[in-house]
Structures are given as structure tokens and as C-alpha cells.
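Per-entry structural report
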Amino acid sequence: MLRMRGPSAGVGAGGGRALRRLRELLGASVAAYDLGPVAGNVAGVPCLARTGAQDEVIPPASTRLLADAVREGGGECRAVEVPGQGHWWWDSEAPNDGGAVDDRQMAAFWDQCLARPADGPPARFTLRCLSADVCGGRGGLRLLQQEEPFLLSTLRVSRPAAGEAEHLKVQSENVLAVGWSSGAPLLAAGLRLDGGSFSPGRLRGARYACRRTGSA
């Protein structure tokens with residue numbers, strides 16, 4: 001958080017807006033790299049964070065911090081440093097064995113992912129984003145627009161149990177609009193966004209819902 005001390009701390013409304021914009025600008029420069037607040041988005045998703053032990057582009061410590069952030073966010077993630085390798089490599093244990101993306105360790109990880117049942121997202125999950133430009137999605141939902149750019153935005157999602165004709169419930173913070181992928185199954189029974197209801201008929205053919213105006 002940006003704080004001012006001294007005479008400038010007593011600026012008027014115009015100065016307050018300028019400071020807020022400065023904070024947003026500074027936040028934009030690091031939003032894509034501040035993983036702590038958003039690492040919990042991958043809770044329940046297999047995670048293997050690998051790096052070359054001699055990586056001079058992205059320090060291996062960054063990979064360890066990423067895995068720690070995922071675990072602190074409620075997920076599981078294993079950090080691995082591959083001895084003798086830098087930022088990219090083709091040969092892990094034998095010439096041209098798949099290297100960074102498809103060597104023996106990565107092949108085992110892909111097999112683990114493919115063996116998981118495709119049961120969709122959990123009944124309740126949270127999606128946090130610092131910037132709509134770099135934010136992914138979950139369960140077919142994604143953040144489209146923030147009220148305050150580059151500040152933390154949150155979507156808390158509760159989906160109905162199988163067979164229940166209930167709206168998908170979404171509670172938001174610092175969110176103007178929510179989007180979804182075409183035919184997102186979670187929206188089959190409609191959407192309740194911060195108390196505003198969107199019936200399946202209103203959502204048919206729509207790709208977003210605006211929290212402030214209630215439009216879709």
C-alpha cells in the first residue's frame with residue numbers, strides 16, 4: 001500500500017485521486033508477478049513447479065516461493081530443481097528425452113493429471129485476481145472488469161449440487177463484470193450475482209453479466 005507522510009499527506013480530493021491512480025500504476029507493474037493473493041486459485045489442481053538449478057533468468061527461489069504460495073492458499077504443489085540445468089533444456093537424463101516439458105518426471109506428472117476424474121470444480125471455490133488482463137478463470141467463469149483496476153478482486157462461487165435446479169451463486173468484491181465460456185454448464189440453472197438474478201433465458205446467448213447495471 002502506498003502511504004504519504006509529511007505535508008503532502010493532507011492533500012485534497014484531487015490529490016487523493018492522483019495518489020490512487022499512482023498506486024494503481026505502481027500496482028500494475030507488479031500485479032502479474034504477485035502470486036501470493038492468487039495462488040489459491042489452483043487449489044484442487046495438480047501442481048508441479050520445476051526449474052533448472054542453474055537458472056539465471058528466473059531464480060530457483062522464485063519457484064520455491066510459488067509452490068509455498070499455492071500450499072498457503074490451500075492447494076498442493078511440489079517444487080523441483082533439476083540439477084545442472086538452466087532456464088531451458090532438451091536433455092534431462094538422456095539426449096533429447098523431452099527435457100523441460102516432457103522428460104520422465106514430466107511424463108509421470110501428465111499421466112497423473114490425465115488419471116484424475118473429470119469431476120469439475122468443487123461445490124465452493126474462490127477466484128482471486130489482481131488484474132483482469134492476466135487473470136484466468138475457473139469453472140468456466142472469469143473476471144472481465146474491475147471497479148478499481150489492479151487491486152485485488154474476488155469471486156466466491158457456490159454451485160448447486162448435481163440434480164438441483166438452483167442458481168449458481170457468486171459473491172464479488174471489486175468486480176464490475178463477470179464473463180463465462182460459451183455453454184458453461186455451471187450456468188444451466190441461472191446465475192445469482194450479488195443478489196441480482198439472471199434466469200437461464202436471460203443468459204442464453206450472453207457472455208457476461210454486469211453487477212452494477214444488472215445487464216447480461
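Above: the structure in question.
Residues numbered from 1 in each chain as written. Predicted model: local features only at pLDDT ≥ 70, side-chain atom pairs only at ≥ 80, totals over all residues. Heavy atoms only, no water.

Another aspect to go through is the environment of Gly190. Its place among the elements puts Gly190 in the loop between β8 (177-180) and β9 (191-193). Between the alpha carbons of Gly190 and Arg204 there is a distance of 9.5 Å; along the sequence they are 14 residues apart. When residues no more than four places from it in sequence are discounted, the contact partners of Gly190 are His167, Leu168, Phe198, Ser199, Pro200 and Leu203. (Helix = DSSP H or I, 4+ residues; strand = E, 2+ residues; numbered from the N terminus. Contact = heavy atoms within 4.5 Å.)

Below, the discussion takes up the pattern of salt bridges. Overall, the coordinates contain five salt bridges when judged by the stated rule. With its nearest N and O atoms 2.2 Å apart, the salt bridge here joins Glu81 to Arg64. One end of the pair, Glu81, is in strand β2 (residues 78-82); the other, Arg64, is in helix α2 (residues 60-72), and 17 residues separate them in sequence. Taking relative accessible area as the criterion, Arg64 reaches 40% and is therefore assigned partly exposed. The closest approach of N and O atoms between Arg156 and Glu173, which form a salt bridge, is 2.6 Å. Highlighted residues: Arg156 in strand β6 (residues 153-158) and Glu173 in strand β7 (residues 168-173), separated in sequence by 17 residues. Given a relative accessible area of 32%, Arg156 falls into the partly exposed group. (Salt bridge = Lys/Arg side-chain N within 4 Å of Asp/Glu carboxyl O. Buried < 20%, exposed > 50% of the residue type's maximum accessible area, 1.4 Å probe, protein only.)

Next up on the list: the pairing of strand β3 (residues 124-129). The two faces of β3 differ: Phe125, Leu127 and Cys129 on one face are buried, but Arg124, Thr126 and Arg128 on the other face are not. Pairing geometry for β3 and β6, over six bridges, is antiparallel. Paired with Thr126 across the bridge in β6 is Arg156. (Pairing = 2+ DSSP bridges.)

Right, let's talk about the sheet that holds β7 for a bit. The strand order β3-β6-β7-β9-β10 describes an open sheet built from five strands, whose pairing is mixed. The two strands at the open ends of the sheet, each matched to only one other strand, are β3 and β10 (196-198). Pairwise comparison of adjacent strand axes, ignoring direction, gives a mean angle of 20° for this sheet. Relative to β7, β6 runs antiparallel, the two sharing five bridges. (Axes fitted to C-alpha atoms, helices over the stretch in contact; angles between N-to-C directions.)

Relative to the helices and strands, Ala67 resides in helix α2. Classification of Ala67 as buried rests on a relative accessible area of 0%. Separated by 19 residues in sequence, Ala67 and Leu48 have C-alpha atoms that sit 8.0 Å apart. Aside from chain neighbours lying at most four places away, what touches Ala67 is Cys77 and Ala79.

Attention shifts here to a nonpolar patch on the surface. Where nonpolar side chains cluster on the molecular surface, the patch consists of Leu22, Leu25 and Leu26 and spans about 280 Å² of accessible area. Looking at the secondary structure, you find Leu26 in helix α1 (residues 13-30). (Patch = residues over 30% accessible without salt bridge, like charges linked within 9 Å, V, L, I, M, F, W, Y side chains within 5 Å. Areas by Shrake-Rupley, 256 points an atom, 1.4 Å probe, with all protein chains shown as cover.)

One open sheet accounts for four strands, arranged β4-β5-β8-β11; its pairing is antiparallel. The open sheet has two free edges, formed respectively by β4 (137-138) and β11 (208-210), since each of these has just one partner strand. For strand β5 (residues 141-145) and β8, the ladder comprises four bridges, and the chain directions are antiparallel. Directly across from Arg142, in β8, lies its bridge partner Gly179.

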